[in-house]
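The chain contents come next:
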Amino acid sequence: MTLGLKDRFSIVKGLLYLILGICCIYLIVTGRYLNYIAPRYELLLGISGVALILGGLATIIWAPSKYYKHNWKSIVPIIIPIMLLVVPPVLVPSTGVHGATRVNDDTNNFDFTNDAIGEVVTVNSESKEPGISKDKKEIVLNSDNFYQTIVKVGSNADQYKDYTVYMTGYVNREDNTLKSNEFTISRMAMACCIADVAPIGMTAY
């Protein structure tokens, strides 16, 4: 295959598809796809990445041997997602985020130093630690169990009366139902993709 004899537009388009597919696979391998979509869409993203790579190779291999006049603006929709995917997650160093120390019967010295509140928690992620200690009447909310625990507590609020809550979050007063002496300690939660991110948290007085 001599690329010099192929249609340049087809070669460029095929290369862009290849790059976009590689970006998708890279995001899955590094786990950074969680910045954009919920974990349950990992398989779909992987299939899309493989399809883009195969499509890119096919576009290059079977590119016409003659040069045709093309509208180069048509490749902009391919370049935009590449820029959005490559620049933030690939070039910016990743910082590992680890959940706080789990609740146990020996200590209440919870370490929240690595529990970055800027991390978006996912609604459907499986929590390994429920974050509730009935023996000590303590609730710990961290990046690993935030949504599951807060839903469990909110569904049975009376059951957890007089419990002490340990959590990290930001002060949110955007809820119109809050009274003047109330605010919400919130984290950003994602159910499907980055477009549906919304604050969720506990009301404090």
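What you are looking at is a predicted structure, and each value in this text was computed from that prediction instead of being measured.

What counts, and at which threshold
Residues numbered from 1 in each chain as written. Predicted model: local features only at pLDDT ≥ 70, side-chain atom pairs only at ≥ 80, totals over all residues. Heavy atoms only, no water. Helix = DSSP H or I, 4+ residues; strand = E, 2+ residues; numbered from the N terminus. Contact = heavy atoms within 4.5 Å. Areas by Shrake-Rupley, 256 points an atom, 1.4 Å probe, with all protein chains shown as cover. Buried < 20%, exposed > 50% of the residue type's maximum accessible area, 1.4 Å probe, protein only. Lys, Arg positive; Asp, Glu negative; His and termini not counted. Salt bridge = Lys/Arg side-chain N within 4 Å of Asp/Glu carboxyl O. Polar contact = N/O pair within 3.5 Å; in protein donor to acceptor, adjacent residues only side chain to side chain. Core = buried A, V, L, I, M, F, W, Y, C linked by side-chain atoms within 4.5 Å. Pairing = 2+ DSSP bridges. Axes fitted to C-alpha atoms, helices over the stretch in contact; angles between N-to-C directions. Phe/Tyr/Trp six-rings, centres within 6.5 Å; stacked < 30°, edge-to-face > 60°. Lys NZ or Arg CZ within 6 Å of the ring centre and 35° of its normal. Parallel < 35°, antiparallel > 145°, perpendicular 65-115°, else oblique. Left-handed = near helix turned anticlockwise from the far one by under 90°.

### Concerning the overall build of the chain
Next up, step 1: When its secondary structure is counted, the chain shows 4 helices and 7 strands.
Next up, step 2: Starting at the N terminus and ending at the C terminus, the chain contains elements arranged as α-α-α-β-β-β-α-β-β-β-β.
Next up, step 3: Once local pairs closer than 6 in sequence are excluded, the contacts in the chain between residues at least 24 apart make up 65%.
Next up, step 4: Carbon and sulfur atoms provide 60% of the accessible area of the chain, an area that totals close to 12700 Å².

### Quick word on the side chain of D7
Next up, step 1: Checked against the element boundaries, D7 lands in the segment before α1 (8–30).
Next up, step 2: R8 provides the closest opposite charge to the buried, salt-bridge-free D7, at an N-O distance of 6.3 Å.
Next up, step 3: Among the polar contacts listed, one links the side chain of D7 to the side chain of S10, at a separation of 3.0 Å.

### Looking at the nonpolar core
Next up, step 1: In terms of nonpolar packing, the biggest core is built from 14 residues, with L16, Y33, L45, I82 and L85 touching the most fellow members.
Next up, step 2: At the level of secondary structure, the elements contributing two or more residues to this core comprise α1 and α3 (76–91).
Next up, step 3: Here this core gets 7 residues from one element, more than from any other, and that element is α1.
Next up, step 4: Sequence-distant contacts of I82, defined by excluding residues within four places in its chain, comprise L16, I19 and L20.
Next up, step 5: One finds V121, I139, F146 and M202 within the second-largest nonpolar core, a separate group that totals 12 residues.

### Topic: the environment of L141
Next up, step 1: Assignment of secondary structure puts L141 in strand β3 (residues 138–141).
Next up, step 2: Between the C-alpha atom of L141 and that of G201, which follows or precedes it by 60 residues, the distance is 9.9 Å.

### Quick word on the pattern of salt bridges
Next up, step 1: Following the criterion strictly, the structure yields 1 salt bridge and no others.
Next up, step 2: Ionic pairing is found between E138 and K136, a salt bridge with its closest N-O pair at 3.9 Å.
Next up, step 3: Classification of E138 by relative accessible area gives buried; the value is 6%.

### Description of the sheet that holds strand β4 (residues 164–167)
Next up, step 1: Read from one edge of the open sheet, 3 strands run β2-β3-β4, paired in mixed fashion. Unpaired on one side and paired on the other, β2 (132–133) and β4 mark the two borders of the sheet.
Next up, step 2: Relative to β3, β2 runs antiparallel, the two being bridged by 2 bridges. Residue I132 lies in a different strand from β3, and its bridge partner there is I139.
Next up, step 3: Each of β2, β3 and β4 is contacted by helix α4 (residues 146–155), which is oriented at about 140° to β3, the strand it contacts most.

### Describing the packing of aromatic side chains
Two numbers describe a pair of aromatic rings. These are the distance of the centres and the angle of the planes.
Next up, step 1: Following the criterion strictly, the structure yields 1 aromatic pair and no others.
Next up, step 2: With centroids separated by 5.2 Å and ring planes inclined at 85°, the aromatic side chains of Y160 and Y163 adopt a geometry described as edge-to-face. For the pair Y160 and Y163, a shared accessibility class is recorded, and that class is buried.
Next up, step 3: Above the face of the F146 ring, R187 is positioned so that its terminal group lies 5.5 Å from the ring centre.

### A closer look at the packing of α1 against helix α2 (residues 42–61)
Next up, step 1: Where α1 meets α2, the closest approach of the two axes is 7 Å, and the angle between their N-to-C directions is 155°. With respect to each other, α1 and α2 are oriented roughly antiparallel. Of the two elements, α1 crosses α2, and the hand of that crossing is left-handed. Here α1 contributes S10, I11, G14, L15, Y17, L18, L20, G21, I22, C24, I25 and I28 to the contact with α2, which in turn contributes E42, L45, G46, G49, V50, L52, I53, G56, L57, T59 and I60.

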